[in-house]
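The primary structure of each chain is shown beneath.
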Amino acid sequence: MGDDDDGGYCKIYDAEDSFTGLVQVMLALIALASLYVKRQHEVPRRKFMTWWLDVSKQGFGAFYSHLTNMLVSAIIAGYTRGQYELKDQCAWYGINFLIDTTVGLFF
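Not measured: the values here are computed from a predicted model. (Residues numbered from 1 in each chain as written. Predicted model: local features only at pLDDT ≥ 70, side-chain atom pairs only at ≥ 80, totals over all residues. Heavy atoms only, no water.)

Sorry, what's going on with the pattern of salt bridges here?
Per the counting criterion, the structure on display carries four salt bridges. Among the ionic pairs, arginine 39 bridges to glutamate 42, the shortest N-O distance being 3.3 Å. The same class applies to arginine 39 as to glutamate 42, namely buried. A salt bridge links aspartate 54 to arginine 46; its shortest N-O distance comes to 2.3 Å. For aspartate 54, a relative accessible area of 25% corresponds to the partly exposed category. Taken together, the shared-partner salt bridges connect Arg39, Glu42, Arg46 and Asp54 into one network. (Salt bridge = Lys/Arg side-chain N within 4 Å of Asp/Glu carboxyl O. Buried < 20%, exposed > 50% of the residue type's maximum accessible area, 1.4 Å probe, protein only.)

Here it is in structure tokens:
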């Protein structure tokens, strides 16, 4: 959460708040660590280059999806109008993620 001007709403990323950057780095490390653990336990073990190409493809797709959802969440939260405003970027990210992983899976 940032300063008082944000109204106490959750932000996905804020350049002035190092905690949001730390959360993003931790998410990346957890994702990479899970892929490493999976590599250690796969049977039969693929060649490193085959594994690396698969991981890089998955990583690029996940990064693109995450970055797009972050941007869309920030844009929507900044432009909500009406009597009931939802300026919480984290809530919009959750909604975008849910739509992306359910509806986006079939279309």
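Is there a simple way to explain the environment of leucine 35 in this structure?
In this fold, leucine 35 is placed in helix 1 (residues 18-41). Here the alpha-carbon distance between leucine 35 and tyrosine 93, two residues 58 residues apart in the chain, equals 24 Å. Other than its neighbours up to four places away in sequence, leucine 35 contacts Trp51, Val55 and Gln58. (Helix = DSSP H or I, 4+ residues; strand = E, 2+ residues; numbered from the N terminus. Contact = heavy atoms within 4.5 Å.)

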